[in-house]
Amino acid sequence: DGATNEQTPMLKQARMRRRVQMGGPESSNWLYNQPAFLKLVSWVDNFRKQMHLLAVAFDLPYVAESVWLFIQNEVTMYLVPALAVSAFLFYHLGNPSPKILENGATLSWWILFGLRNYMTLQLAYGSEYVIVDVLALRSTVLLGLLGPLPTLYIIQAKGWPLVSIFWGLWSLALIQNVDGWLAWTDIEMFTAENHDGGILSGDTYLEVLASLIMIGVATTIKRTVLALYLGKRIYFHYKKKVERVMLEMLLITEVSDLSQAIDDFEFIEEEEKAARKPSTKGSIAQTFKNTTMADIAKKQLRRDSGIAENDSEEEDKNDEELNLSLSTDDGEDSDEEKSSQLLPNNPAWNTLRRDTSTQSDTSNVSATELPFQPAHSFEQQISEVPEGQPPVQDVNEPVRNHLRGTSTTSQIKSLLYRWEEPVNKQDKEIEDPTIHEILQFRKALSFLEDSHPFGLSFGPAFSRDSCIKSSKALYKRLLALTPGSTVLHFDVIGVLAYNADDSFDERKAKELVKLFRPDKNDEISLLAFVQSCDSAYKKLRYLRAGTGNSTLIDEVLENFFNGAFSFCLALAVMTILKMNPWALLVSLSTILVSFAFAFGPSVAQIIEGCIMIAVRRPFDLGDRIAIADASDKPQDGDPGYGATWLVEDCNLFTTTLRLAKSNEIATVKNGTIADKKIINHNRSDRALVNIVLSLKSTVTHDEATIVKSAIEQYISDNPRIWAQLINFRIIDVDPCNDITKILVRVQHQRTWQDLNPVMTARGDLIKFCTEVLIQLNVHYENKPAVINDLYIKELPEEYIAGLSQPVL
């Protein structure tokens with residue numbers, strides 16, 4: 001029993017039994033069954049643990065070393081020589097008093113007074129170490145006794161504010177109205193024979209000590225309030241961005257861990273000794289028959305992440321071709337059949353994609369019917385939906401229930417006019433974050449600095465090149481889970497939506513679809529996979545730069561506030577010391593008024609710019625913005641405000657911008673754009689692309705419906721690019737010119753922040769629509785302008801005679 005670790009929770013009851021066996025078995029059992037005794041034993045046990053933690057937090061070797069250094073340095077070099085000088089002045093020089101001071105205090109007393117204040121200062125440093133380092137930071141004593149907010153005040157007071165508070169308190173307790181610390185020794189130098197001039201009992205010294213305590217308390221309050229305010233500002237501003245980036249980082253990390261499942265299968269094969277031949281990727285496919293990808297996902301949930309081994313030489317060999325040349329055993333099953341045995345019953349990822357992007361349900365229109373057949377009516381669509389089994393086969397029960405409940409609803413919604421739900425600010429309660437939430441937010445920001453932000457299994461991602469290389473290696477490892485395939489099927493990644501209890505997490509499945517965006521065949525190419533990882537890495541880097549720049553701006557604001565606080569604090573100290581501060585203010589008022597007349601407009605503009613950056617925060621680093629006057633109207637083309645700038649740098653006074661179309665750098669004062677209309681493309685929702693189709697006025701309703709159906713099918717075939725068709729309507733009919741104009745408004749998956757991809761996709765859509773109109777023979781062609789030629793048979797004789805006369 002002596003060698004047993006008493007910290008083991010399983011032996012808690014045994015320890016209690018051993019400790020109550022002093023009165024015999026009967027009394028032991030009776031005492032052990034008393035609830036009060038059990039509470040007492042538990043309290044003593046917890047108290048013992050807390051004392052052990054305090055002993056560790058106190059760090060006795062460090063304290064002993066510090067005390068020894070104090071004796072070696074301060075005592076021998078300062079205290080002892082000062083005592084010797086004070087004794088020499090008192091006993092050998094007649095204990096003189098300085099003539100400058102009229103209170104009559106002697107020089108010997110002043111030296112002893114300085115030594116006593118020095119000792120109270122050292123006590124203040126020791127108190128700071130015990131209160132802050134031991135009780136607040138290294139243990140949970142103060143947190144349990146006082147709570148989080150008072151503990152935060154104490155931690156924020158660390159440094160000279162807390163030292164100032166304890167110095168004033170120790171001096172007030174040990175020096176104020178105390179004749180001498182060694183007066184009991186009857187040594188004349190430490191008694192009333194050494195005159196203090198009434199300083200210790202006077203009001204001046206008491207006011208100085210009160211000023212010390214007040215300065216420390218006020219600075220502590222200022223630090224804590226300002227830290228909470230700035231922390232809440234950055235929390236509210238970046239909370240959603242951090243949540244989104246952390247979610248994508250977590251999903252990519254889980255996908256990376258999933259790629260390590262190949263090692264689990266090799267281990268299973270070795271255990272079962274089913275090695276008709278050496279373990280190869282082909283034989284692993286045989287093991288896949290007896291398990292499912294859902295089992296892999298559940299196993300990965302319980303498995304710690306490991307470092308992925310990347311073979312750069314093999315990776316370079318396979319850069320040009322993605323075919324990993326996986327050898328499979330010759331058998332009755334084909335590669336496609338084996339691949340289907342790997343995966344669980346696949347949910348309808350296309351349906352989840354439509355739910356994610358609020359896309360219209362056009363699954364009832366086949367690709368062969370478009371673009372040359374009219375779409376079915378809504379009554380036909382409803383009648384084609386089976387009443388029992390949903391149109392997607394072999395899906396899990398949660399997805400089946402989801403489809404059964406929303407299939408007709410999504411079709412009805414697609415035929416309704418689109419409108420956005422208004423935001424009621426009364427329903428949106430904004431609660432102040434707790435201290436724990438702010439600290440968690442700060443900890444989440446620290447993960448952005450990691451060289452492996454997507455986990456060790458993903459590989460290094462400290463730069464864009466390393467992120468691309470790691471994502472390419474991850475794609476190849478994931479391909480090993482689907483033998484015989486050169487393109488990654490989304491089902492491999494989709495198994496992460498299954499929980500350990502076989503339940504299906506629909507929300508997580510939608511997030512996976514939103515991140516990786518599989519195509520219409522539920523496949524992810526190498527380029528698409530790397531683009532998804534690169535997009536997440538881009539958000540991470542820009543978020544890191546934005547929070548860093550915001551921290552620098554907050555530091556400048558804090559310096560401004562500290563200046564104003566110090567001025568007010570100086571006035572308060574002057575008031576405590578019974579000095580008149582108003583005379584100083586009156587003398588400064590003349591200078592301030594002159595300064596206001598001379599620099600008033602410029603200062604007002606600077607203040608307006610600082611408020612725009614510090615309070616409004618209309619943009620962050622890397623945002624694409626457009627600047628226009630408040631009265632300017634948007635242009636007809638896309639985007640509405642064409643001249644866009646990229647934010648390169650920003651501080652309280654100036655902003656550095658780069659013109660997107662020419663890379664020209666411009667620096668503007670924040671005050672000059674404070675009253676402008678700033679369009680932030682990065683904060684806008686997904687881009688709405690507008691194109692105008694010119695059709696012949698003889699176009700029929702069926703032909704227009706075919707065009708609309710073709711566009712919807714085009715959007716469905718390109719889910720990584722387009723989200724949904726927003727509007728398709730006629731905006732102009734001109735029979736005289738034989739033209740009918742139709743406005744097509746389509747929502748892109750990206751925002752106008754990614755201007756080039758959106759404009760490229762817009763051009764492709766225009767080309768597709770033009771081809772459809774030409775094939776339907778409804779495309780409007782501009783007719784050449786008719787020029788009426790004027791033929792003159794002969795000129796009048798008077799005109800010819802006028803031409804013959806010389807010109808003067």
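Quick caveat, the model's predicted, so the values are computed rather than measured.

**Quick look at the sheet that holds strand β9 (residues 722-734)**
So, step 1. With respect to topology, 3 strands assemble into an open sheet ordered β8-β10-β9, the strand pairing being antiparallel. Two strands in the sheet have a free side with no partner beyond their single neighbour: β8 (688-695) and β9. Within this sheet the neighbouring strands show an average axis-to-axis angle of 20°, counted without direction.
So, step 2. Pairing analysis gives 8 bridges linking β8 to strand β10 (residues 739-748), with the strands arranged antiparallel. When the sheet's bridge partners are listed, Val-689 is paired in β10 with Val-746.
So, step 3. Along the sheet, helix α24 (residues 701-717) contacts β8, β9 and β10; its crossing angle with β9, the most-contacted strand, is approximately 155°.
So, step 4. In the packing of helix α25 (residues 755-775) onto the sheet, the strands contacted are β8, β9 and β10, and the crossing angle to β8 comes to about 25°.

**Brief notes about the sheet that holds strand β6 (residues 665-669)**
So, step 1. Read from one edge to the other, the open sheet built from 5 strands follows the order β6-β5-β4-β3-β7, with strand pairing classed as antiparallel. The open sheet is flanked by β6 and β7 (677-680), the only strands paired with a single partner. Geometrically, the sheet is characterised by an average inter-axis angle of 40° between neighbouring strands, direction not taken into account.

**Quick look at a nonpolar patch on the surface**
So, step 1. Taken together, Leu-40, Trp-43, Val-44, Phe-47 and Met-51 make up a surface patch of nonpolar side chains, about 510 Å² in accessible area.
So, step 2. The topology assignment puts Phe-47 in helix α3 (residues 35-58).
So, step 3. Classification of Phe-47 as partly exposed rests on a relative accessible area of 42%.

**A few points about the environment of Ala-218**
So, step 1. Inspection of the secondary structure puts Ala-218 in helix α9 (residues 203-258).
So, step 2. Ignoring any residue separated from it by four or fewer positions in sequence, one finds Ala-218 in contact with Phe-565 and Leu-569.

**Structural notes on the pattern of salt bridges**
So, step 1. Per the stated rule, a full pass over the model turns up 21 salt bridges.
So, step 2. With a shortest N-O distance of 2.9 Å, Asp-554 and Arg-233 are connected by a salt bridge. Here the residue Asp-554 occupies a position in helix α22 (residues 526-576), and Arg-233 occupies one in helix α9, the gap between them amounting to 321 residues.
So, step 3. You can call Arg-233 buried: its relative accessible area is 13%.
So, step 4. Across the pair Asp-638 and Arg-762 runs a salt bridge, and its minimum N-O distance is 3.2 Å. Highlighted residues: Asp-638 in the loop between β3 (624-628) and β4 (645-650) and Arg-762 in helix α25, separated in sequence by 124 residues.
So, step 5. For Asp-638, a relative accessible area of 14% gives the class buried.
So, step 6. Several salt bridges converge on common partners, so that one network encompasses Arg-244, Glu-248, Glu-511 and Lys-539.

Parameters and conventions
Residues numbered from 1 in each chain as written. Predicted model: local features only at pLDDT ≥ 70, side-chain atom pairs only at ≥ 80, totals over all residues. Heavy atoms only, no water. Pairing = 2+ DSSP bridges. Helix = DSSP H or I, 4+ residues; strand = E, 2+ residues; numbered from the N terminus. Axes fitted to C-alpha atoms, helices over the stretch in contact; angles between N-to-C directions. Contact = heavy atoms within 4.5 Å. Patch = residues over 30% accessible without salt bridge, like charges linked within 9 Å, V, L, I, M, F, W, Y side chains within 5 Å. Areas by Shrake-Rupley, 256 points an atom, 1.4 Å probe, with all protein chains shown as cover. Salt bridge = Lys/Arg side-chain N within 4 Å of Asp/Glu carboxyl O. Buried < 20%, exposed > 50% of the residue type's maximum accessible area, 1.4 Å probe, protein only.

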